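Residues per chain, in single letters:
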Amino acid sequence: MNSSKSPVLAGNGIFSNTTCRTEKKISVFFSVIFMTVGILSNTLAIAILMKAYQRFRQKSKASFLLFASGLVITDLLGHLITGTIAVFVYISDKDWIRFNQSNVLCSIFGICMVFFGLCPLFLGSVMAVERCIGVTKPIFHSTKMTSKHVKMMLTIVCLFAIFIALLPIFRLKAYQIQASRTWCFYKTEHVEDWEDRFYLLLFSCLGLLALGISFLCNAVTGITLLRVKFKSQHRQGRSHHFEMIIQLLAIMCVSCICWSPFLVTMASIGINENHSGESCETILFALRMATWNQILDPWVYILLRKAVLKKLFKIARRCCGVHLINFHMWELSSIKNSLRIAAISDSPVTSKQMNQQPFSSTGQ
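Keep in mind the model is a prediction, meaning the values are calculated, not measured.

Asks: Sorry, what's going on with the overall build of the protein chain here?
Replies: Regarding its fold elements, the protein chain presents 14 helices and 4 strands. The buried share among the 364 residues of the protein chain stands at 52%. Counting only contacts in the protein chain whose residues sit at least 6 apart along the sequence, the fraction spanning at least 24 positions is 75%.

Asks: Is there a simple way to explain a nonpolar patch on the surface in this structure?
Replies: On the surface, a nonpolar cluster with roughly 530 Å² of combined accessible area is contributed by Phe29, Phe30, Ile33, Val37, Trp299 and Leu303. Counting only elements with at least two residues in the nonpolar patch, the list comes to helix H1 (24-55) and helix H9 (280-303).

Asks: Any chance you could explain the side chain of Ser180 here in plain terms?
Replies: Secondary-structure assignment places Ser180 in the loop between strand S3 (176-177) and strand S4 (184-185). For Ser180, a relative accessible area of 1% translates into the label buried. Among the polar contacts listed, one links the side chain of Ser180 to the side chain of Thr182, at a separation of 2.7 Å. At 3.3 Å, the side chain of Ser180 forms a polar contact with the side chain of Trp183.

Asks: In this structure, what is going on with unusual backbone geometry? I would like to understand it.
Replies: Negative phi characterises most residues that are not glycine, and trans characterises most peptide bonds. In the Ramachandran plot, Lys94 falls in the positive-phi region, its phi being about 55° despite a non-glycine side chain. Its place among the elements puts Lys94 in the loop between helix H2 (61-91) and helix H3 (96-99). Unusually for a residue other than glycine, Asn103 sits at a positive phi of about 65°. Tracing the chain through its elements places Asn103 in the loop between H3 and helix H4 (104-136). What makes Asn103 buried here is its relative accessible area of 10%.

Asks: Which parts of the structure should I look at to understand the nonpolar core?
Replies: The nonpolar side chains of a soluble globular protein tend to be buried, and buried together. The biggest cluster of nonpolar side chains holds 75 residues, and the ones touching the most others in it are Phe185 and Phe262. Among all residues touching Phe262, those that are not within four sequence positions of it are Trp183, Phe185, Phe203, Ile283, Ala286, Leu287 and Ala290.

Asks: Got a minute to help me understand the packing of aromatic side chains in this structure?
Replies: What describes a pair of aromatic rings is the distance from one ring centre to the other and the angle between the planes of the rings. Counted under the stated rule, the structure contains 18 aromatic pairs. In this structure an aromatic cluster arises from ring pairing among Tyr175, Trp183, Phe185, Tyr186, Phe198, Tyr199, Phe203, Trp259 and Phe262.

Asks: Any chance you could explain the state of the cysteines here in plain terms?
Replies: Should the sulfur atoms of two cysteines be covalently bonded, the bond is a disulfide. Inspection of every chain in the model, using the stated rule, returns 1 disulfide. Between Cys106 and Cys184 runs a disulfide, and the two sulfur atoms are separated by 2.3 Å. Between Cys106 and Cys184 the sulfur-sulfur dihedral comes to about -125°; the bridge is accordingly left-handed. Here Cys184 lies in strand S4 and Cys106 lies in helix H4, a separation of 78 residues in the sequence. Cys158 supplies the cysteine sulfur nearest to Cys119, a cysteine that is in no disulfide, at a spacing of 3.9 Å.

Parameters and conventions
- Residues numbered from 1 in each chain as written.
- Predicted model: local features only at pLDDT ≥ 70, side-chain atom pairs only at ≥ 80, totals over all residues.
- Heavy atoms only, no water.
- Helix = DSSP H or I, 4+ residues; strand = E, 2+ residues; numbered from the N terminus.
- Buried < 20%, exposed > 50% of the residue type's maximum accessible area, 1.4 Å probe, protein only.
- Contact = heavy atoms within 4.5 Å.
- Patch = residues over 30% accessible without salt bridge, like charges linked within 9 Å, V, L, I, M, F, W, Y side chains within 5 Å.
- Areas by Shrake-Rupley, 256 points an atom, 1.4 Å probe, with all protein chains shown as cover.
- Salt bridge = Lys/Arg side-chain N within 4 Å of Asp/Glu carboxyl O.
- Polar contact = N/O pair within 3.5 Å; in protein donor to acceptor, adjacent residues only side chain to side chain.
- Core = buried A, V, L, I, M, F, W, Y, C linked by side-chain atoms within 4.5 Å.
- Phe/Tyr/Trp six-rings, centres within 6.5 Å; stacked < 30°, edge-to-face > 60°.
- Disulfide = S-S within 2.5 Å.

Spelled out as structure tokens, the structure:
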């Protein structure tokens, strides 16, 4: 169906002549495929994370696994809700006039797009901060970062993302049907009102800030681990740290690659007062790039697990002929190490030594 022959109904009831060519059959096919692959991938990742959480419930890794589970569950719900609405819109020939007369569906679609866009970025940055504290301040992390605190932080992140998504509704600013007539978001055409520009810039700045925090914290964590690794080649029990930092780096790279085009595009539209110059095709391409984030996120936990990483390191060592890592690190029992730390932490004398040399006294 060529959408250029029919007008677009905006969220506030005004018709727009700006159009975008989309092929219905191809779009429906890819929407269904992406949604199916995303649901299956996230479901598998949730199963893996839940199994790992049962093993590490009483350890510092449990907090990371709770955050990761929250991230994957958010991606799963994003696929289910936004994917279902998108498929319905395509099947209905994008006839918004017929099924969106009161603008309820567009508002729900827009709220979901903002929430499921920001929430994974927020969770990724919170996970990076949590791991940075776990590596640089292990005693503080082991005593203060309980599962109760993690669940509270997850709730706060979700509530904040919901608040940002509901801001236009509170201000009686309707979400707008975009030029492709396949999704709803903030107003992106002829943005002249300061409030419309504010929403676009707020979304972009929060997303870019989350990516920046993730980059900074992951850099600090990685440098700290490498310094400890090079200072003492014979210390053991830190393999789970390397596993988690590799997963965090992968999540950060995926988020940056997938979300940067969309965030930069929205910021460009918000900065320009009258017309951003961004075409509908550019916005649609950036949006499709962003949707890949929810598909690729779960594969980070599916592929970059300790068992898989161990095999990859062995293959790399064979190919490169270089001693990359001491593999006896992977064999150390994390449960025994956790019990040893719990016993040591009860001693005030040892705790003072651990505060002076945190990495030499704990494997967490």
